[in-house]
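Remarks on the overall topology
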Amino acid sequence: MIKLVDVESEADMLELGKRVAGQLHGGEFIALFGGLGAGKTTFVRGLASALDIEDISSPTFNIVKRYGGKLHLDHFDCYRLADYEELFAIGFDDYLSSKSIVVMEWCELVLDALPSERLEIHITGSGDDIRRVEIIPLGAVYEKLIEEI
Ligand SMILES: Nc1ncnc2c1ncn2[C@@H]1O[C@H](COP(=O)(O)OP(=O)(O)O)[C@@H](O)[C@H]1O
Ligand SMILES: [Mg+2]
């Protein structure tokens, strides 16, 4: 089952991130898709705030940042990645096998590296547009998880 949500404001995007966070226990992979200014980092800020993690900034220049809160959060941004092998060079496998929540921006650039079971969040729109958000669960765990969102 796919969920479609219209997100009218930055505040609503933060709220959506929080609602998703409320269903997470650690070990999940959240794959974000959408262009510059779509609201990916805003979604991550909302998700993180529900875990008592503030001060999320884009990890564009370091590819990944790890945060400690109620649960660990690993925030990837693949925008400047040359290719997906670079991900594995920085220990992507270790992040995937850890108990932390992994959330990744620009997943369209590293499709081949993504775990087959994941929660996909596709955001379209930019600027002052209302954002259309498509939530696609891949795998039984994620199907169950989005029932409550
Ligand atoms: N409905 C909305 N949802 C999310 N962001 C919005 C919305 N409307 C306007 N914005 C603005 O769009 C920008 C999104 O930026 P950001 O989250 O950094 O995008 P990305 O990480 O996808 O490049 C923010 O400045 C935010 O205030
Ligand atoms: Mg971003």
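Preceding block: the structure.
Quick caveat, the model's predicted, so the values are computed rather than measured.

A short note on the site of ligand 1
Neighbouring ligand 1 are 15 residues; Met13, Gly39, Lys40, Thr41 and Thr42 lie closest to it. Where the shell around ligand 1 is concerned, the elements lending two or more residues are α1 (10-21) and α2 (40-49). When residues of the shell around ligand 1 are assigned to their parent elements, the largest contribution, 3 residues, is made by α2. Its residues placed into classes, the shell around ligand 1 shows 4 nonpolar, 6 polar and 5 charged.

Observations concerning unusual backbone geometry
One non-glycine residue, Asp55, adopts positive backbone phi at about 60°. Tracing the backbone through its elements, the reader meets Asp55 in the loop between α2 and β3 (64-67). Judged by the 8 C-beta atoms lying within 10 Å of it, Asp55 falls in the exposed class.

Focus on the sheet that holds β3
The strand order β1-β7-β6-β2-β5-β4-β3 describes an open sheet built from 7 strands, whose pairing is mixed. The sheet is open, and its two edges are formed by β1 (3-7) and β3, each paired on a single side. If you compare each strand with its neighbour and ignore which way they point, the axes differ by 20° on average. Judged from the 4 bridges that link them, β3 and strand β4 (residues 73-77) form a sheet pairing that is antiparallel. Along β4, the bridge assignment pairs Arg66 with Asp74. This element, α1, spans β1 and β7 (131-138) of the sheet and lies at about 145° to β1.

Reading the values: rules and limits
Residues numbered from 1 in each chain as written. Chains lettered and ligands numbered in written order. Predicted model: local features only at pLDDT ≥ 70, side-chain atom pairs only at ≥ 80, totals over all residues. Near = placed C-beta within 6 Å. Helix = DSSP H or I, 4+ residues; strand = E, 2+ residues; numbered from the N terminus. Nonpolar A, V, L, I, M, F, W, Y, C, P; charged D, E, K, R; others polar. Buried ≥ 20, exposed ≤ 12 C-beta atoms within 10 Å, placed from the backbone. Pairing = 2+ DSSP bridges. Axes fitted to C-alpha atoms, helices over the stretch in contact; angles between N-to-C directions. Contact = placed C-beta atoms within 7 Å.

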